[in-house]
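# Working through the structure, step by step
Spelled out, the chains give:
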Amino acid sequence: MSGDHNPDDPKNPLLPINDPIEQLPSSSFSLKSLVTLKIFYVLLGPLLCAIICLCVRFDGPVTSRNMLAVLTWVFAWWLTEAVPMPITSIAPLFLFPLFGIASADSVARSYMDDVITLVLGSFILVLAVERYNIHRRLALNITMRFCGDPVNPHLLLLGICATTAFLSMWMHNVACAVMMMPVATGILQRLPMGPNQSIHVGNFCRAVILGVSYAAAIGGMSTLTGTGVNLILVAMWKSSFQEAKPIGFSTWGSSQALSAYLDKAHLKRQLDMLGPMAFAEKMILVVFAMLIALWMTRSITEDIPGWGALFHGRVGDGTVSVMMATLLFIIPNKKSKGEKLMDWNECKKLPWNIILLLGAGFAIADGVQSSGLADVLSKTLDFLEQAPYLAIAPAVCLISAVITEFITSNDATATLLIPLLIQIAKTMHVHPLLLMIPGAVGSQFAFMLPTGTPTNIIGFTTGHIDIQDMIKTGLLLKIAGTAILTFVMPTLGAYVFGIHEGVQ
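Just so we're clear, the structure is a prediction, and the values are computed from it rather than from any experiment. (Residues numbered from 1 in each chain as written. Predicted model: local features only at pLDDT ≥ 70, side-chain atom pairs only at ≥ 80, totals over all residues. Heavy atoms only, no water.)

## Quick word on the overall build of the protein chain
What counts is decided by this rule: Labels follow the DSSP assignment, with helices taken as runs of H or I lasting at least four residues and strands as runs of E lasting at least two, numbered in each case from the N terminus. Buried means the residue's accessible area, taken with a 1.4 Å probe over protein chains only, is under 20% of the maximum for its type, while exposed means over 50%, and partly exposed covers the values in between. Each accessible area is a Shrake-Rupley result for a 1.4 Å probe, and residues are judged covered by the shown protein chains and nothing else.
A tally of helices and strands in the protein chain yields 23 helices and 0 strands. Residues counted as buried form 50% of the 504 residues belonging to the protein chain. Looking at the protein chain as shown, the accessible area adds up to about 25,000 Å², and 65% of this sits on carbon and sulfur atoms.

What follows is the structure, given as structure tokens:
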């Protein structure tokens, strides 16, 4: 028993007492080992920062120049991934005070906000769903309902895509793709593979894999918690326009050749393996349904204020999210005595990288305003004042999509572009959301390359699709999405987000 070592036991010493000291392999040090591309990327951020501090002069306060220098440092590290993205995300905690942009306390407050508590609570609920395989049971049930009897391949494809998109609305799109891809490939295993595979079967396989990959990304755009980009957009909107109406959940939605190989038996066998629904699964579904209902009814319309009015506007979506997550640590799961629906060990899987990136987005948005850099940018972008919206909006959407496709993640792209888009919108005298939303949603239109988003990688690694399939399908999706977003935002978007009301 003395040899057993549990690293999570709080009684264990930080350093081993009786363990023998292992001899570390010696390595020869040379100057050549320091001259690497990785080291260059690490030094690039501080170097660019120093150049801006020494060479750039603005008419505004010195802090505006310092803010630009810090932004360049942070963005250089984000784009090159010189250090892990979560570490870059906490860099404002020491850079802002050192460069006189903001105090340590004010920067630290940016990393805990109602939007961030919304993320924390939501991800705890998603972890509970994954712990009891509720997402897999739901996926199999919905897919079986869609596929028809006898099985219709087109309906089956629709069922898989619709299920993926629906689940991605409430859980992170990467987790959704990871969960749904085995369901999809399990269905495809019944189809003939290899050189004897017919054109119909090959096309169906590609359609299913691409459908799951893209549906996970598209479904995530429909709700605030679907992707980190949506949360970054909400965070920066709230930080930059504190008097404006916040964005909440209530405002943010050939056959015969295949039929011989497809039947419901395979799906039913997977569903039977999960067994009947246990008490824990039912309770988590109840909590999740309560969460969605409370989100949607907190603030309904101006005439119907919702239950949030009872608390005089002091509660937010994060309040509800954390409250429902807390219930999971109180309600027993009736599997083991004293065991609850959730325990803290499961929470070690929380995506802290997204949470820290959100905090960095808040800090950057606050810093751009308080340092005076926002005013400097507004003067610099005066030439855009007469530019037509229908020319700028698609360009913003495509630029953000290209950055995500070839350079960095969609979360980082949104964090980089949204502060700039706010200033461009002010210069053009248009509502900021008319550019912020195309920029944020456009960064999620990375459909063409496997490296564009993690969901693309998950589909590509199945071996059923190649890069040409992704480029042909993804290009059409990118063009269609850009066109729809450009024309919907000033019409339907104006009504949904209250754009016609203006913003201070």
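From this point, the narrative continues.
## Overview of a nonpolar patch on the surface
Keep this limit in mind: Each patch is built from salt-bridge-free residues with over 30% relative accessible area, joining like charges within 9 Å and nonpolar side chains (Val, Leu, Ile, Met, Phe, Trp, Tyr) within 5 Å. Here, a salt bridge means any Lys or Arg side-chain nitrogen found within 4 Å of an Asp or Glu carboxyl oxygen.
A contiguous nonpolar surface patch, about 240 Å² in accessible area, is contributed by Phe146, Leu155 and Leu158. Mapping Leu158 onto the fold places it in helix H8 (residues 153-170). Residue Leu158 is classed as partly exposed on the basis of its relative accessible area of 46%.

## Some words on the nonpolar core
Selection rule: To define a nonpolar core, start from buried Ala, Val, Leu, Ile, Met, Phe, Trp, Tyr and Cys residues and group those joined through side-chain atoms within 4.5 Å. Contacts were defined at the residue level, with two residues in contact if any of their heavy atoms lie within 4.5 Å.
Core analysis: the biggest nonpolar cluster contains 125 residues, and Trp78, Phe96, Ile284, Leu328, Ile418, Leu435 and Phe445 have the highest contact counts within it. Element by element, the count of residues in this core is highest for helix H6 (residues 114-131), at 11 residues. When residues no more than four places from it in sequence are discounted, the contact partners of Ile284 are Ala128, Val129, Tyr132, Ile134, Leu328 and Leu341.

## A word on unusual backbone geometry
A positive phi angle is found at Glu81, which is not glycine, with a value near 55°. Turning to its location among the elements, Glu81 is positioned in the loop between helix H2 (62-80) and helix H3 (85-89). With relative accessibility at 47%, the residue Glu81 sits in the partly exposed group. A positive phi is found at Asn133, a non-glycine position, where the angle reads about 60°. Relative to the helices and strands, Asn133 resides in the loop between H6 and helix H7 (134-146).

## Comments concerning the confidence of the model for the protein chain
What counts is decided by this rule: As a per-residue measure, pLDDT tells how confident the predictor is, with possible values from 0 to 100.
Mean pLDDT for the protein chain: 77, with 75% of residues reaching 70 or above. Ranking the elements of the protein chain by mean pLDDT puts helix H12 (residues 255-259) last, at 52, and helix H4 (residues 92-98) first, at 94. A low-confidence stretch, residues 13-17 (pLDDT under 50), is modelled with 0 contacts involving residues beyond four sequence positions or located in other chains.

## Quick notes on the packing of helix H16 (residues 352-370) against helix H19 (residues 410-428)
This is how it is decided: For helices, the axis comes from a line fit to the C-alpha atoms of the stretch in contact; other axes are also lines fit to C-alpha atoms, and the angle between any two N-to-C directions lies between 0 and 180 degrees. Orientation labels follow simple angle bins: below 35 degrees gives roughly parallel, above 145 gives roughly antiparallel, 65 to 115 gives roughly perpendicular, and whatever is left gives oblique. Each crossing is labelled by how the near helix is turned from the far one, with a counterclockwise turn of less than a right angle marking it left-handed and a clockwise turn marking it right-handed.
Axis separation between H16 and H19 bottoms out at 10 Å; the angle between their running directions is 25°. Classified by the angle their axes make, H16 and H19 are roughly parallel. Crossing handedness for the pair H16 and H19: right-handed. Seen from H16, the contacting residues are Ile354, Leu357, Gly361, Ile364, Val368 and Gln369; seen from H19, they are Asp411, Ala412, Thr415, Pro419, Gln423 and Lys426.

## So, the state of the cysteines
The line we're drawing: We call a pair of cysteine sulfur atoms a disulfide whenever their separation is within 2.5 Å.
The final tally for this structure, using the stated rule, is 0 disulfides. Between Cys53, a free cysteine, and Cys49, which holds the nearest cysteine sulfur, the sulfur-to-sulfur gap is 4.4 Å. The thiol of Cys55 is unpaired, and the distance to the nearest cysteine sulfur, on Cys53, comes to 9.7 Å. Residue class for Cys55 comes out exposed when judged on its relative accessible area of 61%.

## Here's the deal with the packing of helix H14 (residues 279-297) against helix H15 (residues 317-327)
Applied cut-off: Residues are grouped as follows: Ala, Val, Leu, Ile, Met, Phe, Trp, Tyr, Cys and Pro are nonpolar; Asp, Glu, Lys and Arg are charged; every other residue, Gly included, is polar.
One can describe the packing of H14 onto H15 by two numbers: an axis separation of 10 Å at closest approach and a directional angle of 170°. The angle between the axes of H14 and H15 places the two elements in the roughly antiparallel class. Along this stretch, H14 crosses H15, giving a crossing that reads as right-handed. Contact with H14, carried on its side by Val287, Met290, Leu291, Leu294 and Trp295, involves Asp317, Val320, Ser321, Met323 and Met324 of H15 and no other residues of that element. The class makeup of the residues in the contact of H14 with H15 is 8 nonpolar, 1 polar and 1 charged.

## Brief notes about the packing of aromatic side chains
Selection rule: Centres within 6.5 Å make a pair out of two Phe, Tyr or Trp rings, where for Trp the six-membered ring is used; the pair is then stacked when the planes are under 30 degrees apart, edge-to-face when over 60, and tilted otherwise. Whether a charge lies above a ring is judged from NZ of Lys or CZ of Arg, which has to be within 6 Å of the ring centre and within 35 degrees of the ring normal.
Throughout the structure, instances matching the rule amount to 5 aromatic pairs. When the ring of Trp73 is compared with that of Trp77, the centres are 5.6 Å apart and the planes differ by 85°; the resulting orientation is edge-to-face. With Trp73 and Trp77 both in helix H2 and 4 residues apart, this pair spans about one turn of that helix. Of the residues examined, Trp77 reaches a relative accessible area of 11% and is grouped as buried. A connected cluster of aromatic rings, assembled from ring pairs, spans Tyr214, Phe445 and Phe447. It is Lys334 that lies over the ring of Phe279; its NZ or CZ is 4.4 Å from the centre.

## Side note on the side chain of Ser89
Looking at the secondary structure, you find Ser89 in helix H3. Among all residues touching Ser89, those that are not within four sequence positions of it are Trp78, Tyr111, Leu356, Leu357 and Ala360.

## Some points on the environment of Leu421
Secondary-structure assignment places Leu421 in helix H19. Using a relative accessible area of 4% as the deciding quantity, one classes Leu421 as buried. Along the backbone, Leu421 and Leu435 are 14 residues apart, and their C-alpha atoms lie at a distance of 6.1 Å. Apart from residues lying up to four places away in sequence, Leu421 is in contact with Val396, Leu435, Met436 and Gly439.

## Considerations on the side chain of Lys478
For the record, the criterion: Between N or O atoms, a polar contact is any pair within 3.5 Å; within protein, one atom must be a potential hydrogen donor and the other a potential acceptor, and residues adjacent in sequence are included only when both atoms are from side chains.
On the secondary structure map, Lys478 appears in helix H22 (residues 467-488). In this structure the side chain of Lys478 is engaged in a polar contact, spanning 2.7 Å, whose partner is the backbone oxygen of Phe445. Leaving out residues up to four positions away in the same chain, Lys478 has contacts with Leu398, Ala401, Glu405, Phe445, Ala446, Phe447 and Met448.

## Examining the pattern of salt bridges
Evaluated as defined, the whole model comprises 5 salt bridges. Ionic pairing is found between Glu346 and Arg131, a salt bridge with its closest N-O pair at 3.8 Å. With relative accessibility at 24%, the residue Arg131 sits in the partly exposed group. Linking Asp469 and Arg206 is a salt bridge whose minimum nitrogen-to-oxygen distance equals 3.8 Å. For Arg206, a relative accessible area of 27% puts it in the partly exposed group. Sharing partners across several salt bridges, the network here consists of Arg131, Glu339, Asp343, Glu346 and Lys349.

## Considerations on H8
Applied cut-off: The span one expects for a helix is its residue count, reduced by one, times 1.5 Å.
Across its 18 residues, H8 extends 27 Å between first and last C-alpha, which sits within 8% of the 26 Å expected from 1.5 Å per residue. The complete set of buried residues in H8 reads Pro153, Leu156, Gly159, Ile160, Cys161, Thr163, Thr164, Leu167, Ser168, Met169 and Trp170.

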